[in-house]
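Inside the fold
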Amino acid sequence: MKVLTGISTRPNVEHAVNEAVSSFGVPKMIIFFSAATAFAEISEKISARYPHALVLGTTSYYTYFNQNISQNALTVISFEDDIDCSGGVIEEIKRYPLKYVSRVKNAVDMLPPSFIGTENTICLEFATAFSLSEELVLATLNSICGEYDIPVIGGTAGVSPLEAMAGSGTTYVSLNGKVYEDACIFAFIRNKKGRIKLFKENIYKPTSKSFMTTSVDVQHRIIRTLDNMPVADVLQKALKCTKEHLPQLLSESPIGRIVGNEIYISDYAGIYDDGSIGWSTRIYNNTKIILLKPGDLKKETQETLNRIIKDVPHPSFTFIIHCLARTMYYEKMNYLADYVSTVAAKLGNVS
């Protein structure tokens, strides 16, 4: 698989696009990331420049490009050889994404059916933020992808940390030049001559502090009580802190659900005046949750790299998806630059 990446920090959109795509040949698929400012113009220009390519875009704040970290930059990835691809958009994700499930099925049908599977095909998706719709989107995609054993990966469109923490700002995604504010774009990618391998990394470790959710607003992702006591009081006691320090500590120590050998993490999203606490994923009543703590970051990175290199000694391209909270934590711990340079040194072409 031939994958090329370009980046530009130029403020002029025309100049930025020209610089970012200067090394490209004939892309079959393009994925680009940019700040919300001028996103629509960037999307239009890239799509017009490559009318025969599948072009997906999403707003983002942090982007990685080999050993570089950029904020609010334009990053463009071009998939040029040895792939089959198809894509689409799921609209109205706030209320009724399942209405568009036929678009997912149509995109699958465009791929060679005899080659679909977990070893060489994935579904990559990006959804707009702040609609609390990720679970609905994944359910829609998995209703089709599950039938074909196609794994789904992706994330939520990004914004600057200040906007994200305030729960404000607007995120966008785009497909072939058309911009959406309430949607999920997706692409099926099939490697014709090799594999597509997924690796999951969890930097958090479980503590001994576990609780049962006893009052939850599922739709709005809010926990009101744990063990029939106000959630803020319970977590303050567990973390031995004041209410004022609780947001900072929860940003570093999220909660998790342990299912078998897997930990499903939910990041802290905000505390309300009544003491209830919001989270980044849906949590249900009568669910056992556990406080988590960060592990040794360098050790976790090296163990992940060892797993990747053992299974894929010479990857042609590595695509990293990080949540904003984790990126900000790495930055706070002065580890972000080391992380990116270490990964790029080991894996080569990284974005």
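A brief structural summary. None of the values given here were measured: they were computed from a predicted structure. (Residues numbered from 1 in each chain as written. Predicted model: local features only at pLDDT ≥ 70, side-chain atom pairs only at ≥ 80, totals over all residues. Heavy atoms only, no water.)

1. Some remarks on the overall build of the chain
- Helix and strand counts for the chain come out as 10 helices and 20 strands.
- For a compact globule of 351 residues, the expected C-alpha radius of gyration is about 20 Å, and the chain comes in at 21 Å, within 12% of that figure.
- Classification of the 351 residues of the chain by burial places 48% in the buried group.
- For the chain, long-range pairs separated by at least 24 residues make up 77% of all intrachain contacts whose partners lie at least 6 apart in sequence. (Helix = DSSP H or I, 4+ residues; strand = E, 2+ residues; numbered from the N terminus. Rg over C-alpha atoms; globule rule 2.2 N^0.38 Å. Buried < 20%, exposed > 50% of the residue type's maximum accessible area, 1.4 Å probe, protein only. Contact = heavy atoms within 4.5 Å.)

2. Digging into the sheet that holds strand β7 (residues 83-91)
- Ordered by their spatial adjacency, four strands build an open sheet running β7-β12-β8-β9, and the pairing between neighbours is mixed. If you trace the sheet from one side to the other, it starts and ends with β7 and β9 (152-156), each paired once. Pairs of neighbouring strands in the sheet enclose a mean axial angle of 15°, with direction left out of account.
- Across the sheet, helix α4 (residues 134-148) lies against β7, β8 (121-127), β9 and β12 (183-191), angled at about 155° from β8, the strand it touches most. (Pairing = 2+ DSSP bridges. Axes fitted to C-alpha atoms, helices over the stretch in contact; angles between N-to-C directions.)

3. Focus: the nonpolar core
- Formed by 23 residues in total, the largest nonpolar core has its most connected members in Met29 and Phe79.
- Only β2 (29-34), β3 (54-59), β6 (74-81), β7, β8, β10 (173-175) and β12 provide two or more residues apiece to this core.
- Leave out the neighbours within four places in its chain, and Met29 touches Ala53, Leu54, Leu56, Ile77, Ser78, Phe79, Ile83, Cys85, Ala187 and Ile189.
- With 21 residues, the next largest nonpolar core counts Tyr204, Ile290, Tyr339 and Val343 among its residues. (Core = buried A, V, L, I, M, F, W, Y, C linked by side-chain atoms within 4.5 Å.)

4. Thoughts on the sheet that holds strand β11 (residues 178-180)
- Strand order across the open sheet formed by six strands is β1-β6-β2-β3-β10-β11, with mixed pairing between neighbours. The open sheet terminates on both sides in strands that have one partner only, identified here as β1 (2-8) and β11. On average, adjacent strands in this sheet sit at an angle of 15° to one another, irrespective of strand direction.
- Running at roughly 150° to β1, helix α1 (residues 13-20) makes contact with β1 and β6 of the sheet.
- Packing against the sheet, helix α2 (residues 39-49) makes contact with β2, β3, β6, β10 and β11, and its axis sits at approximately 160° to β2.

5. Focus on the state of the cysteines
- This model, assessed by the stated rule, comprises zero disulfides.
- Cys145 takes part in no disulfide bond, and the closest cysteine sulfur, belonging to Cys123, lies 4.2 Å away.
- With no disulfide of its own, Cys323 lies 18 Å from the sulfur of Cys184, the closest cysteine sulfur.
- Judged by relative accessible area, Cys323 falls into the partly exposed class, the value being 37%. (Disulfide = S-S within 2.5 Å.)

6. Section: the packing of helix α3 (residues 101-109) against α4
- In contact at an axis separation of 8 Å, α3 and α4 are set at 30° when each is read in the N-to-C sense. One element, α3, and the other, α4, form an angle in the roughly parallel class. When you trace α3 past α4, the crossing you get is right-handed. Taking contact as the criterion, the partners of Val101, Val104, Lys105, Val108 and Asp109 in α3 are, on α4, Thr140, Leu141, Ser143, Ile144 and Tyr148.
- Of the residues in the contact of α3 with α4, the class split is six nonpolar, two polar and two charged. (Parallel < 35°, antiparallel > 145°, perpendicular 65-115°, else oblique. Left-handed = near helix turned anticlockwise from the far one by under 90°. Nonpolar A, V, L, I, M, F, W, Y, C, P; charged D, E, K, R; others polar.)

7. A look at the pattern of salt bridges
- Scanning all chains against the criterion turns up 17 salt bridges.
- Across the pair Glu134 and Arg221 runs a salt bridge whose closest N-O atoms are separated by 2.7 Å. Of this pair, Glu134 sits in helix α4 while Arg221 is found in the loop between β13 (204-217) and β14 (222-226), placing the two residues 87 residues apart along the sequence.
- Exposure remark for Glu134: the relative accessible area of 23% places this residue in the partly exposed category.
- With a shortest N-O distance of 2.7 Å, Arg221 and Glu135 are connected by a salt bridge. With a gap of 86 residues between them, Arg221 in the loop between β13 and β14 and Glu135 in helix α4 connect regions that are remote in the sequence.
- Here the salt bridges share partners, and the residues they tie into one network are Glu92, Arg95 and Lys99. (Salt bridge = Lys/Arg side-chain N within 4 Å of Asp/Glu carboxyl O.)

8. A closer look at α2
- Listed in full, the buried residues belonging to α2 are Phe39, Ile42, Ser43, Ile46 and Ser47. Summarising the axial view, the buried residues of α2 lie within an arc of 120°, below the 170-degree limit, and thus occupy one face. Relative to its buried face, α2 has exposed residues pointing more than 90 degrees away, namely Glu44 and Ala48.
- Of the surrounding secondary structure, the elements contacted by the buried residues of α2 are α1, β2, β3, β6, β10 and β11. (Arc of directions from axis to C-beta.)

9. Concerning the packing of aromatic side chains
- One pass over the structure, following the stated rule, counts 12 aromatic pairs.
- On the numbers, 6.3 Å between centres and 20° between planes, the contact of Phe317 with Phe319 is stacked.
- On the basis of relative accessibility, which here comes to 15%, the residue Phe317 falls in the buried class.
- Three or more aromatic residues link up through ring pairs in this structure, and these residues are Phe33, Phe79, Phe126, Phe317 and Phe319.
- Its guanidinium or amino end placed over the ring of Tyr264, Lys200 lies 5.2 Å from that ring's centre, counting from NZ or CZ. (Phe/Tyr/Trp six-rings, centres within 6.5 Å; stacked < 30°, edge-to-face > 60°. Lys NZ or Arg CZ within 6 Å of the ring centre and 35° of its normal.)

Read these as geometric descriptors, not functional statements.
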